[in-house]
Amino acid sequence: MNILFIEDDAIETMKLHRTLGKLGLHHDIIEAKNGEEALAILNSGVKLPDMIFLDLNMPRMSGIEFLKILKAHDSYRYLPTVVLTTSQNRADLLECYKIGIAGYVIKPLKYEDYAEKLRKVFEYWEANELVKK
């Protein structure tokens, strides 16, 4: 799968790559440091990602602001978007589902728990039929 990973923290980005390697998963990761950069990637004409992993707490454009733009766009609204965040704020959770996310995963503190959550998310989406444009 081609995955757009929107995350401003370099350590979190390294952790995702490490986890994919340990799990033996060979997905292509396109990285964006914020929502504006992610929109530029989507609008650049490159092949659309199969799914998006999105952090909520980012500079310049929050994850929720990005989601509102993404889900209002005819070509992007069906891209499965999984929020991967530290935010346990119930209002954030409800707002994200209202906008149309495919999942909300809270990043656990222990690496083993993080890897297990990601393994489950990838297994689920690998078994799904994704919308291709």
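Residues numbered from 1 in each chain as written. Predicted model: local features only at pLDDT ≥ 70, side-chain atom pairs only at ≥ 80, totals over all residues. Heavy atoms only, no water.

Engineer: Explanation requested: the packing of helix H2 (residues 35-43) against helix H3 (residues 63-72) in the structure shown.
Structural biologist: Two quantities define a packed helix pair, namely the angle between the axes and the distance from one axis to the other. Axis separation between H2 and H3 bottoms out at 9 Å; the angle between their running directions is 25°. One way to sum up the angle between H2 and H3 is to call them roughly parallel. Regarding H2 and H3, the two cross each other, and that crossing is right-handed. In this structure, H2 contributes Gly35, Ala38, Leu39 and Leu42 to the contact, and H3 contributes Phe66, Ile69 and Leu70. Of the residues assigned to the contact of H2 with H3, the class counts are six nonpolar, one polar and no charged. (Axes fitted to C-alpha atoms, helices over the stretch in contact; angles between N-to-C directions. Helix = DSSP H or I, 4+ residues; strand = E, 2+ residues; numbered from the N terminus. Parallel < 35°, antiparallel > 145°, perpendicular 65-115°, else oblique. Left-handed = near helix turned anticlockwise from the far one by under 90°. Contact = heavy atoms within 4.5 Å. Nonpolar A, V, L, I, M, F, W, Y, C, P; charged D, E, K, R; others polar.)

Engineer: What's the story with the sheet that holds strand S1 (residues 2-6) in this structure? I'm lost.
Structural biologist: Pairing is parallel across the open sheet formed by five strands, whose spatial order is S2-S1-S3-S4-S5. Looking at strand neighbours, the two that pair on one side only are strand S2 (28-32) and strand S5 (103-106), the edges of this open sheet. The average angle at which neighbouring strand axes cross in this sheet is 20°, direction not considered. Of the strand pairs in this sheet, S1 and S2 are connected by five bridges, and their pairing is parallel. From the neighbouring strand, Ile3 faces S2, where its bridge partner is Ile29. Together, S1 and S2 form the strand contacts of helix H1 (residues 10-23), whose direction differs from that of S2 by roughly 175°. Across the sheet, helix H5 (residues 111-127) touches S1, strand S3 (51-54), strand S4 (81-85) and S5, and the angle it forms with S3 is around 155°. (Pairing = 2+ DSSP bridges.)

Engineer: Before we go on, may I ask you to explain the pattern of salt bridges in this structure?
Structural biologist: For side chains of opposite charge, pairing can occur when their charged atoms come near one another. Evaluated as defined, the whole model comprises nine salt bridges. Note that Lys15 and Glu12 form a salt bridge whose closest N and O atoms lie 3.4 Å from each other. Within this pair, Lys15 and its partner Glu12 are both found in helix H1, separated by three residues, close to a single helical turn. Here the two residues Lys15 and Glu12 agree in accessibility, since each one is buried. Between Glu116 and Arg119 there is a salt bridge, and its shortest N-O distance comes to 2.4 Å. Of this pair, Glu116 and Arg119 both sit in helix H5, three residues apart, which is roughly one turn of the helix. Linked through salt bridges whose partners overlap, the residues forming this network are Glu7, Glu12, Lys15, Asp55 and Lys107. (Salt bridge = Lys/Arg side-chain N within 4 Å of Asp/Glu carboxyl O. Buried < 20%, exposed > 50% of the residue type's maximum accessible area, 1.4 Å probe, protein only.)

Engineer: Whenever I open this one, the environment of Leu42 confuses me. Can you help?
Structural biologist: Checked against the element boundaries, Leu42 lands in helix H2. Sequence separation of Leu42 and Tyr76 is 34 residues, and the distance between their C-alpha atoms is 8.3 Å. Leave out the neighbours within four places in its chain, and Leu42 touches Leu4, Leu48, Pro49, Phe66, Leu70, Tyr76 and Leu79.

Engineer: What exactly am I supposed to notice about the pairing of S5 here?
Structural biologist: Remember that side chains alternate between the two faces of the sheet whenever the strand is regular. Here S4 pairs with S5 via four bridges, running parallel. Residue Val82 lies in a different strand from S5, and its bridge partner there is Gly103. The handedness of the S4 to S5 crossover, carried by helix H4 (residues 90-99), is right-handed. (Right-handed = clockwise from strand over helix to strand, strands pointing away.)

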